[in-house]
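Descriptive analysis of the structure
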Amino acid sequence: MGSCVFPVFIGLILLQIQKISECYKMEVTPDSGTIVTFSKKEGQGLDCSACKDEDLSQTCNSILKLTEARPTNVTFNCSQPGDIFTVEVNQQIDCSTSGCSIIAVHPDSTRFLEFSRTFTWDLKVQAGRMFQLDFPSPGMRQIKPSESCPDKHTYTIITYQRAGPATIGSFCGNGTISRIQVLYRGRVTLEVPKGTDLNPSNFKVSMGPAATALVEVDVKLSRGPSSADFFTPNYPTGYYNVDKIKWNFAVQPMNNFTVYFRQYTAPECQKNTVMCDYALGDKTSFTMAPTDIQPTNKQGDFSLTLTNCDAKRGEKVPGLSLNFNVEVFRSGTPYVCTVDLRNEEGLSLQIENKNPESYCEMSLNSVMQEKIVVPAGTKADLSFLDCPVQDLQLTATKVIDCPSVSARDISETLLTIPALDSSLPVPLHQFTWLLRVQDQGTVDLMSPKGSLHQSVPDKQCNERVSLVISETEGSNIGLFCSAAEGAVQKIQIKGNVSITVTPNNTKDLSQEKEPFLKVGTSPEITENVIYTVYPLISGPAYLATPNWPDGMNSSSSVSWIIYIPQEYTAELMFSNIVKPTCDSGHTEVTVGPLDSQGQTQTWREDQSFPSPIIQQQSFYLNMSNCEPKSGRFAVLSKISLQKESKKFLGIILAVFGVLLLLIIIALIVVCVIRKRKNKSNANRSSIFIPRGKNVLPGNATFPKSRADNESHVYASIDDSTMYGHLDKNQPAEVDSGAWSNGHQVDGYRSFTGPTDSIPAATDSSAEYSLDRREGDVFQPFLDPATTFNLPRPRTPLISQGSLRFEDRRMMDNTLNTFKGAGDINAIRLSADESRLQPQMDSDSDSYPEQEYDEAM
């Protein structure tokens, strides 16, 4: 917008005076080969002109034509030029000198919105040829000249012949005409009113074949029932030239057609007559007059060629004018059945044609339907025409209102597919239960036999049917099947639940009469879903988050309660983890024992998950999602059972081996100690008492050990007590056996036994006697050679530390004391000697005394 300024000369002074009214200014750049023309409408005001600025001058006119492809300033000396002017954008396409390749026409959709626009394409081809217009699907639809198109985009095709221009017709989008061929020269016009966004059909232009008619129209008729109207050129004024107009119709299989001449105006023929030539397929053709009954209930493609006569021209003389209609309808006899759902509460049916290329025609109560829906509690008549069974899909839905949790009598419900009408020509493909709970309760799902198995890529369901369990207002929970090898005993879902049965190895679900699930209700849970799982000993159990492999819903949670049998441990592994980037909160994975007496472990999305996790007892697994910023939260877990005895056998064997090794070491130590003991006792000797019992060292005992009493310590020694046996005047009551007050005291007696190693005789008359000494010759009491290295087994060994051991060198010493070279160790007077036992000689299995007796 701007102000219009015009020069005014007053005398010799040039003044520029601003006009009171405002003007409209714009810049226009025509495309190459395009002409832009602004034209004033007829009968509009004369005070508005279109001006083109050229250097220092300005040219104004009621028609402004721009031909150069450069920016040009255009000024209108009125504020609303769109109400006064129209814009025509013209493009010329000349294919007369060379063969035309296909040219796509795309008008600019954003230019001149404030004007009523007319886009024109002037087409020219070689003489005797036709220019061809191809329209994208769904094609064009012919209308009367007085009609308008719903989208306000009206196309007009004009042909220029020697007799003058003729209008082929007016067309809208969304029709059955796919191609139009016009002889020699023509124009295509697209008219769009002011303020309407341009939505062109983007038709294509090319050189057509040699001319056989003035106009040839290709039509692809829709499937029945359908109807399409067609008009002759210059309708309704009439056409006078001796020309042919041809229509080629493609009819869909399984459809019939009928041609109706709705409105026909015959010309005044000067030569020949108007004829209608039909060709059905490639073999059948016939000719009919326009006044005859046209082909009825025919099948297959056909063509109609209308030939005009040499008509008389005049102001009030009509020309050839025809409006005919082609109706298409289905052939064959439909299959009819009745469905009554009034006796099955909450059950509804849906039937859909899944093959868009088939010729199936379905009707509900005699009304054509793309999809049949029989509402619950109603009765309906259905018809199917040319509908192959494999192209149809029947699904059924049953709504069940679960009892309130607060109700006194809450009984479990078995989900069973009800019997459907046997007259239905379609097998049942899918059945869905919609479970609605009250009081914000929870739906409990259990298998009536066996358990539920969740299908995952590593272990899919192989049963006849599968169950798709979903939250009605949430996401898909998972795909399950009822199987003996399942590990899921119960699924608890908060809120309403949808359960869909789909076939795996069966074609008709209506033949499945056994119950699929057992349904109950319980109070509302905190999680969205809770699984009760009993892992199998035979193989691993897979646990997938809801909506796996897609992510869990934002801020949702799921728990698994996992029971481990006795003598088994569970190995939990996270085999597939997808973590999100959280916008609010964190994702959490928690593992803890059910008895709340063990350690609970928790991880977030920014932490690594350990794997595997060993559980010795029943436990729970909980996962919760955050508000993700990006990504998703999805986890696939695996639980495997292992028997404890097998698992800890290595540890037990290792412990047993260590204990065995310790025992062996202990035995070796004991044997070494005992061997050293034997070596230390190797010099022990025994003494022989004639006609008496042989006595081993260490048999004398004390009530207390030497270390525990002071019986060997003397504060004073009574000579009469110690040496009284030497005094012949000693009183008789003084006992020569050294006992006092019940305690043995140390006393020394002279040796009265044998003085050599010859054993005593068996009776008193033996030759050998202690008194048989050879004079008074001194003989040592003990021979060192025979004392300390006594031959075995003649002399039993008695320890020198024993109370019974006496050195033979004392025998001539009255006081049993001596000093000299070769002193023997002091006589031990300890009671500990009583605990010593005879030692086994390493070279013999018997005691020395026994060896001795045997030798004797």
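Residues numbered from 1 in each chain as written. Predicted model: local features only at pLDDT ≥ 70, side-chain atom pairs only at ≥ 80, totals over all residues. Heavy atoms only, no water.

**A closer look at the overall build of the protein chain**
The secondary structure content of the protein chain amounts to 5 helices and 57 strands. A total of 856 residues make up the protein chain; the buried ones form 42% of that total. Expressed as a percentage of contacts within the protein chain between residues at least 6 apart in sequence, the contacts between residues at least 24 apart total 80%. (Helix = DSSP H or I, 4+ residues; strand = E, 2+ residues; numbered from the N terminus. Buried < 20%, exposed > 50% of the residue type's maximum accessible area, 1.4 Å probe, protein only. Contact = heavy atoms within 4.5 Å.)

**Remarks on the pattern of salt bridges**
Counting across every chain of the model gives 13 salt bridges. Its salt-bridge partner being Glu-327, residue Arg-262 comes within 3.2 Å of it at the nearest N-O pair. In this pair, Arg-262 sits in strand 21 (residues 255–265) while Glu-327 sits in strand 28 (residues 321–330), placing the two residues 65 residues apart along the sequence. Here Arg-262 falls in the partly exposed class, since its relative accessible area comes to 47%. Residue class for Glu-327 comes out partly exposed when judged on its relative accessible area of 27%. One salt bridge in this structure joins Asp-340 and Arg-342, with 2.9 Å as the shortest N-O distance. Residue class for Asp-340 comes out partly exposed when judged on its relative accessible area of 34%. (Salt bridge = Lys/Arg side-chain N within 4 Å of Asp/Glu carboxyl O.)

**As for the state of the cysteines**
Going through the model one piece at a time under the given rule, you end up with 6 disulfides. Each disulfide pairs two cysteine sulfurs, and for Cys-48 the partner residue is Cys-78, the sulfurs being separated by 2.0 Å. One quick way to see it: the torsion about the S-S bond of Cys-48 and Cys-78 is about -40°, and its sign makes the bridge left-handed. Here Cys-48, found in the loop between strand 3 (34–40) and strand 4 (50–54), pairs with Cys-78, found in the loop between strand 7 (72–76) and strand 8 (85–95); they are 30 residues apart in sequence, far enough to count as distant. In this structure, Cys-48 and Cys-78 share a single accessibility class: buried. Residue Cys-269 pairs covalently with Cys-309 via a disulfide, S to S 1.9 Å. Negative torsions about the S-S bond denote left-handed disulfides, and the value of about -80° found for Cys-269 with Cys-309 makes this one left-handed. Of the two residues, Cys-269 is situated in strand 22 (residues 269–271) and Cys-309 in the loop between strand 26 (302–307) and strand 27 (310–311); the sequence distance between them amounts to 40 residues. (Disulfide = S-S within 2.5 Å.)

**Considerations on the sheet that holds strand 29 (residues 335–340)**
Spatial strand order, 29-34-31-32: 4 strands in an open sheet with antiparallel pairing. Here the strands that pair on one side only, and so sit at the sheet edges, are strand 29 and strand 32 (367–369). Mean inter-strand twist for the sheet, computed between neighbouring axes without regard to direction, equals 30°. (Pairing = 2+ DSSP bridges. Axes fitted to C-alpha atoms, helices over the stretch in contact; angles between N-to-C directions.)

**Quick notes on the packing of aromatic side chains**
Taken as a whole and assessed by the stated rule, the structure comprises 26 aromatic pairs. Aromatic side chains Phe-38 and Phe-112 sit 5.9 Å apart centroid to centroid with 85° between the ring planes, which places their arrangement in the edge-to-face category. With Phe-38 in strand 3 and Phe-112 in the loop between strand 9 (103–104) and strand 10 (116–125), this pair connects stretches of sequence that are 74 residues apart. Like Phe-38, the residue Phe-112 is buried in the burial classification. Taking 6.4 Å as the distance between ring centres and 80° as the angle between the ring planes, the aromatic pair formed by Phe-249 and Phe-324 counts as edge-to-face. (Phe/Tyr/Trp six-rings, centres within 6.5 Å; stacked < 30°, edge-to-face > 60°.)

**A closer look at the pairing of strand 47 (residues 557–562)**
Counting buried positions along strand 47 gives 5 out of 6 residues, so the element sits mostly inside the fold. Of the strand pairs in this sheet, strand 45 (residues 529–533) and strand 47 are connected by 5 bridges, and their pairing is parallel. Bridge pairing in strand 47 links Val-529 to Val-558.

**Description of a nonpolar patch on the surface**
Among the surface-exposed residues, Ile-651, Val-655, Val-658, Leu-659, Leu-661, Leu-662, Ile-665, Val-669 and Ile-673 lie close enough to one another that they form a single nonpolar patch of about 810 Å² accessible area. Tracing the backbone shows Ile-673 in helix 2 (residues 649–680). According to the relative accessible area criterion, Ile-673 is exposed, its value standing at 52%. (Patch = residues over 30% accessible without salt bridge, like charges linked within 9 Å, V, L, I, M, F, W, Y side chains within 5 Å. Areas by Shrake-Rupley, 256 points an atom, 1.4 Å probe, with all protein chains shown as cover.)

**What to know about unusual backbone geometry**
Geometrically, the link from Tyr-235 to Pro-236 is a cis peptide bond, its omega value of 5° lying close to zero. The residue after Trp-548, namely Pro-549, is reached through a cis peptide bond having omega 10°. Residue position: Pro-549 is located in the loop between strand 46 (541–544) and strand 47. With a phi close to 60°, Asn-234 is a non-glycine residue in the positive phi region. By secondary structure assignment, the location of Asn-234 is in the loop between strand 19 (226–231) and strand 20 (244–250). Phi at Asp-386 takes a positive value of approximately 55°, unusual for a residue other than glycine.

**Details of the sheet that holds strand 52 (residues 613–615)**
The antiparallel open sheet is built from 4 strands, whose spatial order is 46-55-48-52. Every other strand in the sheet has two partners, leaving strand 46 and strand 52 as the edge strands with one partner each. Strand after strand, the sheet turns through a mean of 25° between neighbouring axes, direction not considered. With 3 bridges joining them, strand 48 (residues 568–578) and strand 52 adopt antiparallel strand pairing. Paired with Ala-570 across the two strands is Gln-615, which belongs to strand 52.

**Looking at the nonpolar core**
The biggest cluster of nonpolar side chains holds 77 residues, and the ones touching the most others in it are Phe-38, Phe-76, Phe-249 and Phe-324. With 5 residues, the single largest contributor to this core is strand 8. Counting residues in hydrophobic clusters, the runner-up holds 74 residues, among them Leu-364, Ile-400, Phe-431 and Leu-445. (Core = buried A, V, L, I, M, F, W, Y, C linked by side-chain atoms within 4.5 Å.)

**Description of the confidence of the model for the protein chain**
Considering every residue of the protein chain, the mean pLDDT works out to 78; 73% of them sit at 70 or more. Below pLDDT 50 for its whole length, residues 5–21 participates in 19 contacts with residues either more than four positions away or in separate chains. A low-confidence stretch, residues 756–797 stays under pLDDT 50, and its non-local contacts, those more than four residues away or across chains, total 66 contacts. (pLDDT = per-residue confidence, 0-100.)

**Here's the deal with the side chain of Thr-120**
With respect to the secondary-structure elements, Thr-120 resides in strand 10. A residue is classified by how much of its surface remains accessible, and Thr-120, at 2% relative accessible area, is buried. Beyond its immediate chain neighbours, meaning those up to four positions away, Thr-120 contacts Glu-88, Val-89, Asn-90, Gln-91, Arg-187, Val-188 and Thr-189.

**Description of the environment of Ile-530**
Secondary-structure assignment places Ile-530 in strand 45. Spatially, the C-alpha atoms of Ile-530 and Ile-493 are 6.7 Å apart, while their sequence positions differ by 37 residues. Look past the residues within four positions of Ile-530 in its chain and what remains in contact with it is Lys-490, Ile-491, Gln-492, Ile-525, Ser-559 and Ile-561.

**Section: the environment of Leu-467**
Looking at the element boundaries, Leu-467 is found in strand 40 (residues 465–471). Measuring from C-alpha to C-alpha, the distance between Leu-467 and Ile-499 comes to 6.4 Å, with 32 residues separating the pair along the chain. For Leu-467, the contacting residues outside a window of four places in its chain are Gly-478, Leu-479, Phe-480, Ile-499, Thr-500, Val-501, Phe-516 and Leu-517.

**With respect to the pairing of strand 34 (residues 379–385)**
In terms of burial, strand 34 is largely enclosed, as 5 of its 7 residues are buried. Two strands pair when backbone bridges link them, and strand 29 and strand 34 are joined in this way by 6 bridges, in the antiparallel orientation. Looking at strand 34, one finds that Tyr-335 is bridged to Phe-384. Where strand 31 (residues 361–364) lies against strand 34, 4 bridges are found, and the strand directions are antiparallel.

**Here's the deal with the environment of Pro-209**
Its location among the elements puts Pro-209 in strand 17 (residues 204–210). Between the C-alpha atoms of Pro-209 and Gln-181, which are 28 residues apart in sequence, the distance is 8.6 Å. When residues no more than four places from it in sequence are discounted, the contact partners of Pro-209 are Arg-129, Met-130, Gln-132 and Gln-181.

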